[in-house]
Amino acid sequence: MQFIIRRPWQLSQRDHTPEAVYLRQKLHRRQFLASLGVSAAGIGALLLQGCDKGTDDEVLKAGNYEPIPTAPAADANGEPGHEPIVGDSVAPQGMYPARRNDKFEYGRAETVEAQAARYTNFYEFDSSKMSWRYVTKFQPSPWTVEVDGLCAKPRTFDLDDLHKLMPLEERAYRHRCVETWAMCVPWTGFRLSELLKLVEPQPAAKFVAFETFDRPSQAPHRGASPPPSYPWPYTEGLTIAEATNELTLLATGMYGHTLLKQHGAPVRLVVPWKYGFKSIKSIVRITLADKPPATFWNTLMPDEYDFEANVNPHVSHPRWSQRVEKMLGSGEKHPTVIYNGYGSYVADLYPKA
Ligand code: MTE
C-alpha cells in the first residue's frame, strides 16, 4: 500500500514509477480490490493502514538476518583478516564495526538508521519504498558471488571468503538517488578493485557487469503474477576505470553491522558519485566484459536513465529538476553538487564538458 501523506523528500508514486508500469499497477490494484468486493470504506481503511509506517524497531528487525560469522582480526604478520586501512579510532575484534576510514566525511548530519531503512528502493520486493515489509522470505545467507568473464582466474566467492580475503573498512558516504532524495550513511565494505585483482582481469576487459539474485519465491514483486514488466534480474554496469576507482565499494555492512535485507544484503555495490540506481543490491554475479552491459533502468527507460548516471545538477531528469536534494528523515534541502561532491576523485574519468 502506498503512503498517502507524502514526506518532504518523496516524489509522488506516479513521478518515480515508469508511466506504463504505474498505470498497470493502478489498474491491478483496482481490479484486485474489486475482486475482493472492497468498497470505498474498505479502501479508506486500507489506505489508513498504508499510513502505518512501522516502529523503528520493526523496520530494523524486519531486515535483519542471521549474522555472518566473524573472522579473526589480522595477525601480527598482517595475514588477511582485518588490517586497518586508515585511522585508528576503533579497534575491531570481529568484522563489525570495522575501522572507520577517516578520509571520508559527510559534510552534514548522518541519516538516522531507521529513516534510511524505512525508505528504500528495492523493486524486487516492492515499488512503494516500503521493502522492509516484504523481505521476510528473502535468504541472504548462504550466498555466493561469481566473478567471471574476461579474466585469467574466474572464481566463486562465498561470504566467508569475502570476509577473510578482503580488508573491511567503514566509510561515511553521501548517497544521492535520482529521485532527489539523499542520505548520509556509514557503509562497511571493501574496494571492488581488491576483489577484481584476485581474478586478474584481461586487458580486453573494459567494463564490469553486475547482476542481482533472481528468486521469485523470495521476492514478492519479482514473483508477482502477472509479472510486472521489468527486465529482471536487476543489472548494472560500470567502466573498468569506474569499477577500480578508490571510491567504489562492495558493501557487506552499514551502521556498524551486516547489511539489512532491504539495503541489499549480503553484498551490494556503492558508487557515491553516481545516482543511487547504479548501486545494485544483493549481487550474485560480476562479469568482466569488453562492451557496455545492458542495465535494468537503461533498458526499461533509455530516455530517462543513462549508463553513466553521474550526479549532475545541470542536467535535469526529463520529469524533474536535479538542482536540489532532500535528506531522508529531516527533509533538509541542499543544492546538488556535481559528482555528489566527489569530483576530486572522479572528475578525471570523464571528458571535460
Ligand atoms: N538494486 C536492486 N537489485 N534493485 C533495486 O530496485 N534500487 C536502486 C539501488 N539498487 C535497486 C537496487 C536504487 S533506485 C537506489 S536509489 C538504491 O539502490 C537505494 O539504496 P537504499 O534503498 O539502500 O537506500
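Okay, so let's go over this structure. In this text the structure is predicted, and so the values were computed from the model without any measurement. (Residues numbered from 1 in each chain as written. Predicted model: local features only at pLDDT ≥ 70, side-chain atom pairs only at ≥ 80, totals over all residues. Heavy atoms only, no water.)

**Quick notes on the overall build of the chain**
To keep it simple, the criterion reads: The helix and strand labels rest on DSSP assignments: H or I over at least four residues marks a helix, E over at least two residues marks a strand, and numbering proceeds from the N terminus. Burial classification: accessible surface area is computed with a 1.4 Å probe over protein chains only, and a residue below 20% of its type maximum counts as buried, one above 50% as exposed, and the rest as partly exposed. Here the accessible surface of atoms and residues is derived via Shrake-Rupley with a 1.4 Å probe, and residues count as covered only by protein chains that are part of the display.
Secondary structure assignment for the chain yields 10 helices and 12 strands. The burial tally for the chain puts 52% of its 353 residues in the buried class. By element, 55% of the accessible surface of the chain is carried by carbon and sulfur atoms, the whole surface being about 15,600 Å².

**With respect to the nonpolar core**
Where we set the bar: Here, the term nonpolar core denotes a set of buried Ala, Val, Leu, Ile, Met, Phe, Trp, Tyr and Cys residues that are joined through side-chain atoms within 4.5 Å. Pairs of residues are marked as contacts when any of their non-hydrogen atoms sit within 4.5 Å.
Grouped together as the largest cluster of nonpolar side chains are 77 residues, with contacts concentrated most on W187, L195, F210, L250, L269 and I286. In terms of residue count, strand 4 (residues 181-191) provides more of this core than any other element does, 5 residues in total. The contacts of L250, once residues within four sequence positions are left out, are T188, G189, F190, L192, L195, V267, R268, L269, I283 and I286.

**Topic: the sheet that holds strand 5 (residues 207-212)**
Note the threshold: By this definition, two strands are paired if DSSP reports at least two bridges between them. For every element, the axis is a line fit to its C-alpha atoms; helices are fit only across the contacting stretch, and the angle between N-to-C directions ranges from 0 to 180 degrees.
The 5 strands lie next to each other as 2-1-10-5-6, forming an open sheet whose pairing is mixed. Each edge of the open sheet is held by one strand with a lone partner, namely strand 2 (155-158) and strand 6 (235-239). Neighbour-to-neighbour, the strand axes of the sheet open up by a mean angle of 15 degrees, direction not taken into account. Here strand 1 (residues 144-149) runs beside strand 10 (residues 283-289); their pairing, made up of 4 bridges, is parallel. Counterpart to V147 in the pairing with strand 10 is I286. In the packing of helix 7 (residues 192-199) onto the sheet, the strands contacted are strand 1, strand 2, strand 5 and strand 10, and the crossing angle to strand 10 comes to about 65 degrees.

**A look at the pairing of strand 3 (residues 169-176)**
Strand 3 sits mainly inside the fold: 8 of its 8 residues count as buried. In strand 3, alternate side chains face the same way, and those of E169, R171, Y173 and H175 on one face and E170, A172, R174 and R176 on the other are all buried. Sheet analysis places strand 3 next to strand 4, joined by 8 bridges and oriented antiparallel. What sits directly across from E169, in strand 4, is G189. As consecutive antiparallel partners, strand 3 and strand 4 are separated by 4 residues, and within that stretch T180 has a phi angle of approximately 85 degrees, a positive value.

**Remarks on the pattern of salt bridges**
For clarity, the threshold we go by: Definition used for salt bridges: Asp or Glu carboxyl oxygen within 4 Å of a side-chain nitrogen of Lys or Arg.
Counted under the stated rule, the structure contains 18 salt bridges. Among the charged side chains, a salt-bridge network with shared partners connects R108, R176 and E325.

**Topic: the environment of Y119**
Note on placement: Y119 falls in the loop between helix 5 (113-118) and strand 1. Along the backbone, Y119 and G329 are 210 residues apart, and their C-alpha atoms lie at a distance of 9.3 Å.

**Focus on the packing of aromatic side chains**
Going by this rule: The criterion for an aromatic pair is that two Phe, Tyr or Trp rings (for Trp, the six-membered ring) have centres within 6.5 Å, with stacked assigned to planes under 30 degrees apart, edge-to-face to planes over 60 apart and tilted to the rest.
The full count for this structure, using the stated rule, is 23 aromatic pairs. Geometrically, the ring pair formed by Y123 and Y230 is edge-to-face, given 5.7 Å between the ring centres and 70 degrees between the ring planes. Of this pair, Y123 sits in the loop between helix 5 and strand 1 while Y230 sits in the loop between strand 5 and strand 6, and the two are 107 residues apart along the sequence. Residue Y123 shares its accessibility class with Y230, and that shared class is buried. For the pair Y173 and Y342, a centre-to-centre distance of 5.7 Å together with 70 degrees between the ring planes defines the contact as edge-to-face. Of this pair, Y173 sits in strand 3 while Y342 sits in the loop between strand 12 (333-335) and helix 10 (343-346), and the two are 169 residues apart along the sequence. For the residue pair Y173 and Y342, the accessibility class agrees, reading buried in each case.

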